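# Chains, contacts and geometry: an overview
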Amino acid sequence: MALNTSADAPLPVGEVSRLIGGWIDRLGAVWVEGQITQLSRRPGAGVVFLTLRDPSYDISVSVTCYRQVFEAVAGVVSEGARVVVLAKPEWYAPRGQLSLRATEIKPVGVGELLARLEQLKKSLASEGLFAADRKKALPFLPQLIGLVCGRASAAERDVLENARHRWPAVRFEVRNVPVQGVHAVPQVVQAVKELDALDAVDVIIVARGGGSVEDLLPFSDEQLVRAVAACRTPVVSAIGHEPDNPLLDFVADLRASTPTDAAKKVVPDVGEEYERVRLLRDRARRSVQSFIDREERGLAHALARPSIEDPHRMVDERADQVAALLDRGRRTLGHLLDRADSELTHTHARVVALSPAATLQRGYAVLQKADGHVVRDPDEVAAGEALRARVAEGEFTVRVDA
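Read on for a plain summary of the structure. None of the values given here were measured: they were computed from a predicted structure.

## Remarks on the overall build of the chain
Helices and strands together make up the secondary structure of the chain, namely 12 helices and 13 strands. Taking 2.2 N^0.38 as the reference for a compact globule, 402 residues should give roughly 21 Å; the C-alpha atoms of the chain span a radius of gyration of 62 Å, well beyond that estimate. For the C-alpha atoms alone, the extent of the chain along its principal axes is close to 205 × 65 × 45 Å. Counting every position in the chain, which comprises 402 residues, the buried fraction comes to 30%. Put simply, of all contacts in the chain between residues at least 6 apart along the chain, 60% involve residues at least 24 apart. Per element, the accessible surface of the chain, about 25,100 Å² overall, is 55% carbon and sulfur. Taking the average place of the 52 positive charges on the side chains of the chain and the average place of its 56 negative ones, the gap between the two points comes to 5 Å.

Structure (structure tokens):
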């Protein structure tokens, strides 16, 4: 309700406190869930004082109840337990303090916790926070590992000793935080964010050595799950527990069953790597030697071929063939020329034998008229006609006698 006040007409503190108390008194009872962090049960006192804390947001509120209300659950409720209380807000005006007056307290059972976690798991899974394609690969050899764990805990010792035994040069950036209780969630979230902000950190391990379902509740907190999902650095969940899985296992990039297992999965073993290098080197040497031997055998086989062993052999063989063919060609051409010469001689003899000149050589003469026509019939000439007589050694003129 708005009040008419000013610097000249302020309200007294008591009046403000009274007004706040009057407004709060009009509020009804509510069911509140939280974790008990402080419990005061003074002997003989009729009122029990406790502090109820929200582990996810680091917010606390004071709660009071009559002794008989608390005695109903005193056997199963202690500091650190999660409870649900039915309480009415109250305002203590003299101190200006808000508290809750509880009229009923119920412990949150393991079954109910698991059911809530299962519901939260389905909700986060539907957002894709657990999807496999969001998982980041871990580096083969991290130079600096961020470790979030309890102070002087077995988990810290297991991770450090096993990692350094496997790779002595590995370095750690350790953040010691509470790993259970009301302060666990905000400090684990802060430690993860600090390590994620360091560029030198290659991987982050969140480790704890196991515990009950209630002890492991901080590692299923929605705030922590979302903080890990937002990390750019790969995160390894190393909560030693079986068979239940906190939600951190599902959002982390790698889940290790124990802190020791996390050290083995994050850091390679120097002895194994030396042996792997030796085996690969031997394999490479054998492969190269096998390749060389195979090529040498191929080269030896090639050199053993006649054409390579005696390169001039083929030329010499072809030279003999060429010489034989050349000689054969010459003989064939000689035979052809001899035959042609013989035929030419015989033809020449026949031509000479049939030649008119040869006939003339035997004493014959050819009579030709003035126009060169050869006289074959006596009737072709007339008396007194001049004829040309051709003999072997020349020609002369004759005249036909009547």
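## Structural notes on the pattern of salt bridges
What the rule picks out here adds up to 20 salt bridges. The salt bridge involving Glu71 is made with Arg41; its shortest N-O contact spans 3.0 Å. Of the two residues, Glu71 sits in helix 2 (residues 67-71) while Arg41 sits in the loop between strand 1 (30-40) and strand 2 (47-54), which places them 30 residues apart along the sequence. Classification of Glu71 by relative accessible area gives partly exposed; the value is 37%. Take Arg41: its relative accessible area is 36%, and that puts it in the partly exposed class. Taking the shortest distance from any N to any O, the salt bridge between Asp199 and Arg232 comes out at 2.9 Å. Of this pair, Asp199 sits in the loop between helix 5 (184-197) and strand 8 (203-208) while Arg232 sits in the loop between helix 6 (222-229) and strand 9 (235-239), and the two are 33 residues apart along the sequence. Overall, the relative accessible area of 67% leaves Asp199 in the exposed class. Salt bridges sharing common partners tie together Glu275, Arg278, Asp282 and Arg285.

## Comments concerning the sheet that holds strand 9
Strand pairing in a sheet relies on backbone hydrogen bonds. The paired strands run either parallel or antiparallel. The strand order across the open sheet built from 5 strands is 7-6-8-9-10, with neighbouring strands paired in parallel fashion. Every other strand in the sheet has two partners, leaving strand 7 (171-176) and strand 10 (254-255) as the edge strands with one partner each. In this structure, strand 6 (residues 144-149) lies alongside strand 8, joined through 4 bridges in parallel fashion. Among the inter-strand pairings, Ile145 is bridged to a residue of strand 8, identified as Val203.

## Observations concerning the nonpolar core
By size, the foremost hydrophobic cluster in this structure holds 30 residues, and its most contacted members are Val148, Val206 and Phe219. Secondary structure elements with two or more residues in this core: helix 3 (110-126), strand 6, helix 5, strand 8, helix 6, strand 9 and helix 7 (247-251). Broken down by element, this core gets its largest block of residues, 6 residues, from helix 5. With residues up to four places along the chain from it excluded, the contact list for Val148 reads Arg175, Val177, Val188, Ala191, Val192, Leu195, Ile204, Ile205, Val206 and Ala207. With 20 residues, the next largest nonpolar core counts Leu147, Ala163, Val170 and Val266 among its residues.

## Re the side chain of Ser220
When you line up the elements, Ser220 lands in the loop between strand 8 and helix 6. With residues near it in sequence (within four places) discarded, Ser220 still touches Leu117, Leu120, Val225, Pro246 and Leu247.

## Quick look at the packing of helix 5 against helix 6
Think of two packed helices as two axes; the pair is described by the angle between the axes and how far apart they sit. The interhelical angle for the contact between helix 5 and helix 6, taken along N-to-C directions, is 5°, at an axis separation of 9 Å. Classified by the angle their axes make, helix 5 and helix 6 are roughly parallel. Seen from helix 5, the contacting residues are Val185, Val188, Val189 and Lys193; seen from helix 6, they are Gln223, Leu224 and Ala227. For the contact of helix 5 with helix 6, the residue count by class is 5 nonpolar, 1 polar and 1 charged.

## Brief notes about the packing of helix 4 (residues 154-166) against helix 8 (residues 259-266)
Remark: helix 4 packs on helix 8, axes separated minimally by 8 Å, with the N-to-C direction vectors making an angle of 30°. Relative to helix 8, helix 4 is oriented roughly parallel. Pair helix 4 / helix 8 crosses with right-handed handedness. Residue-level contacts link Ala155, Asp158, Val159, Asn162, Ala163 and Arg166 of helix 4 to Pro259, Thr260, Ala263 and Lys264 of helix 8. Class assignment of the residues belonging to the contact of helix 4 with helix 8 gives a composition of 5 nonpolar, 2 polar and 3 charged.

## Thoughts on the packing of aromatic side chains
Applying the stated criterion across every chain yields a total of 1 aromatic pair. Measuring from ring centre to ring centre gives 5.7 Å for Phe130 and Phe250, while their planes differ by 35°; the resulting arrangement is tilted. Here Phe130 is found in the loop between helix 3 and strand 6, whereas its partner Phe250 is found in helix 7, with 120 residues between them in sequence. Over the face of the ring belonging to Tyr66 we find Arg101, whose NZ or CZ atom lies 5.1 Å from the ring centre.

## Quick word on the pairing of strand 3 (residues 59-66)
Bridge analysis of strand 2 against strand 3 gives 8 bridges, and the strand direction is antiparallel. The residue of strand 3 that forms the bridge with Leu52 is Val61.

## Some remarks on a negative patch on the surface
Where like charges cluster on the molecular surface, the negative patch consists of Glu309, Asp310, Asp316 and Asp320. Taking the relative accessible area as the measure of exposure, Asp310 reaches 36% and is therefore partly exposed.

## Re helix 1 (residues 13-25)
With 13 residues, helix 1 should cover 18 Å at 1.5 Å per step; its first-to-last C-alpha distance of 18 Å lies within 8% of that length. Within helix 1 the residues assigned to the buried category are Ser17, Gly21 and Ile24. Around the axis of helix 1, the buried residues are gathered within 65° of arc, so they sit on the same side. Against the buried residues of helix 1 lie strand 4 (82-92) and strand 5 (97-107).

## Topic: the environment of Gly334
Along the chain, the position of Gly334 falls in helix 11 (residues 311-354). When the C-alpha atoms of Gly334 and Leu217 are compared, they prove to be 118 Å apart, with 117 residues separating the residues in sequence.

Parameters and conventions
Here the residue index of a chain counts from 1 through its sequence in written order. Residue-level local features of this predicted model are given only where pLDDT is at least 70; pairs of side-chain atoms are given and counted only at 80 or more, and the full residue set underlies all totals for whole chains, interfaces and linings. With hydrogens and water stripped out, all remaining heavy atoms of the structure feed into the side-chain values. Every helix listed is a DSSP run of H or I at least four residues long, and every strand listed is a run of E at least two residues long, numbered separately from the N terminus. When we talk radius of gyration, it's over C-alpha atoms, and the globule rule is simply 2.2 Å times the number of residues to the 0.38. Here's how the labels work: a residue is buried when its accessible area is under 20% of the maximum for its type, exposed when over 50%, partly exposed in between, all with a 1.4 Å probe on protein chains only. The contact definition used throughout considers only heavy atoms, calling two residues in contact when any of these lie within 4.5 Å. In these tables, accessible area is a Shrake-Rupley quantity obtained with a 1.4 Å probe, and a residue counts as shielded only by the protein chains included in the view. Under the counting rule used here, the positive set is Lys and Arg, the negative set is Asp and Glu, and His together with the chain ends is not counted. Charged side chains are reduced to one point each, which is NZ for Lys, CZ for Arg, CG for Asp and CD for Glu. The working definition used for a salt bridge is a side-chain nitrogen of Lys or Arg within 4 Å of a carboxyl oxygen of Asp or Glu. Any two strands with at least two DSSP-identified bridges between them are counted as paired. Working definition of a nonpolar core: buried Ala, Val, Leu, Ile, Met, Phe, Trp, Tyr and Cys residues. They are joined through side-chain atoms within 4.5 Å. Axis lines are fitted to C-alpha atoms, over the contacting stretch for helices. Their N-to-C directions set the angle, which ranges from 0 to 180 degrees. Convention used here: angles under 35 degrees read as roughly parallel, angles over 145 as roughly antiparallel, angles from 65 to 115 as roughly perpendicular, and any remaining angle as oblique. Lys, Arg, Asp and Glu make up the charged group, whereas Ala, Val, Leu, Ile, Met, Phe, Trp, Tyr, Cys and Pro make up the nonpolar group; the residues left over, Gly among them, are polar. In this scheme the crossing of two helices becomes right-handed for a clockwise turn of the near helix relative to the far one and left-handed for an anticlockwise turn of less than a right angle. The criterion for an aromatic pair is that two Phe, Tyr or Trp rings (for Trp, the six-membered ring) have centres within 6.5 Å, with stacked assigned to planes under 30 degrees apart, edge-to-face to planes over 60 apart and tilted to the rest. Put simply, a charge is over a ring when the Lys NZ or the Arg CZ is close to the ring centre, within 6 Å, and near the line of the ring normal, within 35 degrees. A residue counts toward a patch only above 30% relative accessible area and without a salt bridge, and it is joined to like-charged neighbours within 9 Å or, for Val, Leu, Ile, Met, Phe, Trp and Tyr, to nonpolar neighbours within 5 Å. A helix's residues, less one, multiplied by 1.5 Å, set its expected span. By construction, the arc corresponds to the directions joining the helix axis to the C-beta atoms.

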